[in-house]
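In case you want the letters, here they are:
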Amino acid sequence: TEHKADLTSKVDSLTNEKSNMERQMQESSNNIERLKQMIDSQELSVEDVRRMEREKTRVEAQVAKQTKLLEGQDNALKEARAKFDACFELLQESVEKYNAKARSFELIPESAKHAKGHKFEIVL
């Protein structure tokens, strides 16, 4: 009888444990179903998110490429501006020398002795 009571106790314990496990399984199944419904009702799918991530990566690469191109063009513009400034400075010096010589030969201003009404002065 004592052995039978032990076995009955073990059966009751295992039955309770089984009931608890079945209840937990049902709760888990319900939770899984609820989550599936939430995912199905979302406006964006997983594939939409992946597609947006790929597009973001592509756009970031394009921005980096364009930024690099812009920096190269900016450097080329600075070099061209420096060359222009140097050429303009040389041109100014040449004009100043020309006008100084023209004054010494009395060709500037138009009313000068050898100008005869012509305008020989160079103005930049």
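Everything numeric here is computed off the predicted structure, so don't read it as measured data.

Here is what the cut-offs are and how they apply
Residues numbered from 1 in each chain as written. Predicted model: local features only at pLDDT ≥ 70, side-chain atom pairs only at ≥ 80, totals over all residues. Heavy atoms only, no water. Helix = DSSP H or I, 4+ residues; strand = E, 2+ residues; numbered from the N terminus. Rg over C-alpha atoms; globule rule 2.2 N^0.38 Å. Contact = heavy atoms within 4.5 Å. Buried < 20%, exposed > 50% of the residue type's maximum accessible area, 1.4 Å probe, protein only. Expected span 1.5 Å × (residues − 1). Phe/Tyr/Trp six-rings, centres within 6.5 Å; stacked < 30°, edge-to-face > 60°. Patch = residues over 30% accessible without salt bridge, like charges linked within 9 Å, V, L, I, M, F, W, Y side chains within 5 Å. Areas by Shrake-Rupley, 256 points an atom, 1.4 Å probe, with all protein chains shown as cover. Salt bridge = Lys/Arg side-chain N within 4 Å of Asp/Glu carboxyl O.

**Things to note about the overall build of the protein chain**
No. 1: Summing up its helical and strand segments, the protein chain has 2 helices and 0 strands in all.
No. 2: Taken against the 2.2 N^0.38 rule, which gives 14 Å for 124 residues, the C-alpha radius of gyration of the protein chain at 46 Å runs more than 25% over that of a compact globule.
No. 3: Here the C-alpha coordinates of the protein chain stretch approximately 150 × 30 × 15 Å along the principal axes.
No. 4: Within the protein chain, counting contacts between residues at least 6 apart in sequence, those at least 24 apart form 20% of the total.

**Digging into unusual backbone geometry**
No. 1: The omega torsion across Ile108 and Pro109 is -10°, close enough to zero to call that bond cis.
No. 2: You can see Pro109 is positioned in the segment after helix H2 (46-104).
No. 3: A positive phi angle, near 60°, is found at Glu106, a position not held by glycine.
No. 4: Topologically, Glu106 is positioned in the segment after H2.
No. 5: The phi dihedral of Lys116 falls on the positive side, at around 50°, and the residue is not glycine.
No. 6: Relative to the elements of secondary structure, Lys116 occurs in the segment after H2.
No. 7: The exposed category is assigned to Lys116, whose relative accessible area is 71%.

**Here's the deal with H2**
No. 1: With 59 residues, H2 extends 86 Å between its outermost C-alpha atoms, agreeing within 8% with the 87 Å of an ideal straight helix rising 1.5 Å per residue.
No. 2: For H2, the full list of buried residues reads Val95, Asn99 and Ala102.
No. 3: Phi turns positive one or two residues past the end of H2, at Glu106, with a value near 60°.

**So, the packing of aromatic side chains**
No. 1: Across all of its chains, the model carries 1 aromatic pair by this definition.
No. 2: Between Phe84 and Phe88, the ring centres sit 6.0 Å apart and the planes meet at 20°, which makes this aromatic pair stacked. With Phe84 and Phe88 both in helix H2 and 4 residues apart, this pair spans about one turn of that helix.
No. 3: Take Phe84: its relative accessible area is 47%, and that puts it in the partly exposed class.

**So, a nonpolar patch on the surface**
No. 1: Nonpolar side chains collect at one region of the surface, where Phe84, Phe88, Leu91, Tyr98, Ile122 and Leu124 lie side by side and expose about 540 Å² of accessible area between them.
No. 2: Of note, Ile122 is situated in the segment after H2.
No. 3: Judged by its relative accessible area of 36%, Ile122 is partly exposed.

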